[in-house]
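What the coordinates show
Here is what each chain is made of, one letter per residue.
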Amino acid sequence: MVPELRRAYNEAFTEERYLGMLRDLEAECGCPIAFRISETPLFLSDEINRELEKASWEILETVTSDDYLRHTGRAVPAGLAVPGEDAQPVFLQIDFALARLDGENGERIVPRLIELQAFPSLYGFQWQLDRGFRTHFDIPPGLASYFSGLDEKTYVDCLRDVIVGDCDPREVILLEVDPEQQKTRCDFAVTEQALGISTVCPRDVRERGGRLVYGNDVPIRRIYNRVIFDELQRKGLTFDHLFRRDVRDLGAEWVGHPNWYLRISKFALPFLRSPYSPEAHFVSELPEIPADLENWVLKPLFSFAGLGVELGPSPERLRAIENPEDWLLQRKIEYAPVVETLDVPAKAEVRIMFAWHDGRPRPINNLVRLSKGKMMGVDFNKNKTWVGGTLAYHPV
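These numbers were taken from a predicted model, which means no experiment stands behind them.

**A closer look at the nonpolar core**
It is characteristic of soluble globular proteins that their nonpolar side chains tend to be buried jointly. Core analysis: the largest hydrophobic core is formed by 49 residues, its most contacted members being Phe91, Phe125, Phe133 and Ile163. Elements with a contribution of two residues or more to this core: helix 2 (15–29), helix 5 (123–136), helix 6 (152–163), strand 5 (172–175), helix 7 (185–195), strand 16 (347–357) and strand 17 (360–371). Once residues lying within four places of it in the same chain are set aside, the contact partners of Phe125 are Leu25, Cys29, Ile33, Phe35, Ile37, Cys186, Asp187 and Val190. Formed by 41 residues, the second largest nonpolar core is a distinct cluster that contains Leu60, Ala336, Val338 and Phe354.

**Focus: the pattern of salt bridges**
Evaluation of the coordinates by the stated rule reveals 34 salt bridges. Residues Arg185 and Glu180 are paired through a salt bridge, measuring 3.4 Å at the closest nitrogen-oxygen approach. On the basis of relative accessible area, Arg185 is assigned to the buried category, the value being 13%. Glu279 is the partner of Arg331 in a salt bridge, and the nearest nitrogen-oxygen pair spans 3.9 Å.

**Regarding the packing of helix 2 against helix 5**
The geometry of helix 2 relative to helix 5 is characterised by a closest axis approach of 10 Å and an angle of 140 degrees between their N-to-C directions. Classed by the angle they form, the pair helix 2 and helix 5 counts as oblique. Considering the relative orientation of helix 2 and helix 5, their crossing is right-handed. Residues Arg17, Gly20, Met21, Asp24, Leu25, Glu28 and Cys29 of helix 2 touch helix 5, and the partners they reach there are Phe125, Gln128, Leu129, Gly132, Phe133 and His136. Along the lines of polarity and charge, the residues of the contact of helix 2 with helix 5 split into 6 nonpolar, 4 polar and 3 charged.

**Examining the sheet that holds strand 19 (residues 392–395)**
Pairing is mixed across the open sheet formed by 3 strands, whose spatial order is 1-19-4. The open sheet has two edge strands with one neighbour each: strand 1 (42–43) and strand 4 (143–144). As paired elements, strand 4 and strand 19 share 2 bridges and run antiparallel to each other. Looking at the pairing, Leu143 lines up with Pro395 of strand 19.

**Looking at the side chain of Thr341**
For Thr341, the position within the fold is in the loop between strand 15 (327–331) and strand 16. Its relative accessible area of 11% is what places Thr341 among the buried residues. From its side chain, Thr341 meets the backbone oxygen of Val344 in a polar contact 2.6 Å long. Once you skip the residues sitting within four places of it in the chain, Thr341 turns out to touch Asn10, Ala346, Lys372 and Trp386.

**Quick notes on the packing of aromatic side chains**
With the rule as written, the count across this model stands at 23 aromatic pairs. An angle of 85 degrees between the planes, with centres 6.4 Å apart, marks the rings of Tyr9 and Trp386 as edge-to-face. Highlighted residues: Tyr9 in helix 1 (residues 3–12) and Trp386 in the loop between strand 17 and strand 18 (388–390), separated in sequence by 377 residues. Given the relative accessible area of 3%, Trp386 is considered buried. Ring plane angle 35 degrees and centroid distance 5.5 Å describe the contact between Phe267 and Phe271, whose orientation is recorded as tilted. If you follow Arg74 out to its NZ or CZ, it ends over the ring of Phe282, 4.8 Å from the centre.

Rules of the game
Residue positions are given per chain, counting from 1 as you read along its sequence in written order. Reporting of local features is limited, given that this is a predicted model, to residues whose pLDDT is at least 70; pairs of side-chain atoms are given and counted only at 80 or more, and all residues count toward the totals for whole chains, interfaces and linings. Only hydrogens and water are removed before side-chain values are computed, so all heavy atoms of the structure are retained for them. For this analysis, a nonpolar core means a set of buried residues of the types Ala, Val, Leu, Ile, Met, Phe, Trp, Tyr and Cys, connected via side-chain atoms within 4.5 Å. Note on classification: 1.4 Å probe, protein chains only; a residue is buried when its accessible area is under 20% of the maximum for its type, exposed when over 50%, partly exposed between these limits. Each helix corresponds to a stretch of at least 4 residues labelled H or I by DSSP, and each strand to a stretch of at least 2 residues labelled E; elements are numbered beginning at the N terminus. Residue contacts are counted whenever heavy atoms from the two residues lie within 4.5 Å of one another. Here, a salt bridge means any side-chain nitrogen of Lys or Arg that lies within 4 Å of a carboxyl oxygen of Asp or Glu. For helices, the fitted line uses only the C-alpha atoms of the stretch in contact; every axis is such a line through C-alpha atoms, and the angle between N-to-C directions lies from 0 to 180 degrees. If an angle is under 35 degrees, it is roughly parallel; if it is over 145, roughly antiparallel; if it lies from 65 to 115, roughly perpendicular; otherwise it is oblique. By convention the crossing between two helices is left-handed if the near helix lies anticlockwise of the far one by an angle smaller than a right angle, and right-handed if it lies clockwise. In this count, Pro and Cys sit with the nonpolar residues alongside Ala, Val, Leu, Ile, Met, Phe, Trp and Tyr, while Asp, Glu, Lys and Arg are called charged and the others, Gly among them, polar. When DSSP finds two or more bridges between two strands, those strands count as paired. N or O atoms closer than or at 3.5 Å make up a polar contact, with two conditions inside protein: a donor-capable atom paired with an acceptor-capable one, and, for residues adjacent in sequence, both atoms drawn from side chains. When two rings of Phe, Tyr or Trp (its six-membered ring) have centres within 6.5 Å they constitute a pair, described as stacked for plane angles under 30 degrees, edge-to-face for angles over 60, and tilted for the intermediate range. Definition used: whenever NZ (Lys) or CZ (Arg) falls within 6 Å of the ring centre and also within 35 degrees of the ring normal, the charge is taken to sit over that ring.

Keep in mind that these numbers describe shape and distance, not what the molecule does.
Following this line, the structure appears as structure tokens:
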């Protein structure tokens, strides 16, 4: 997307450098990285980076408005509602496809919303990945992966303010179900090292003397929540002492209250009226079944990481859905193959990562996924290179 940077990077690339970066990343994390890291970062022009930020702010303004939030009661089913909800989310991820738009002045690359979620992403690992690329490849000065004026050091300071606050880090936990089995374990490890907190499974959180504790009865004051509801449901878990009570009554508080995972999610897509957001409908509210279903995507509301997504559903499939209010039909976006690689070009999806810091939302980092298949998922990119997770650099 910045031709001279792309050309220079590709010419200097070697497999030895890439494998060296992977080895160092795993050594620094202290655990295997369970997802594919791409061979390259993305180099964004100042123009497209500014448009990504503009689109992000426009969407954030809608999904945090009173007008939108009054509709979100249905987004949090009674059986999943957690008491003690905060007034605003702490984290927000907004995912954009990079697509091509034909206009009067020719073709240009534009962001188009794919999904959003008020839930943490890989805030720790993306910091480590930036360090990895800068160590092993020649990333020019004047480029950053961070936003809001942050750099490598102040970014960690920001995360510490958001997640740890004024607490003793020993009294702050990253909460995840069976964390050693999660693909995002590397992010937990980096977060532990950077902030001095512990990753704890809900199975190991107890109530003692009216307080939540873990380990050797260490009190818990803040809970950086990484538990997602659909995993609890799949595993038949409840953890009532955490998710059926107001943890403030037990001396703790959520850093990212669980309800926001559902309030600001795919549920928001039909409410967005923006040139950056494709048309979307609850299946239950379709005025009619589109004639061009091959250009639409069917998505379940209550799923994570792309589970259950169907491309080009048939009319029979739509009519057979038992709970159509829990499904979305979204117009498909054609990703542009914008990233030149050593063989065929790759398509890109850019995640702008927000955190509420000093009482306001701030974009602070990004995450990129590259693909050469029909979709971004692993199953569509088997035996391909220059695909997977990475980050974007932009001018500062």
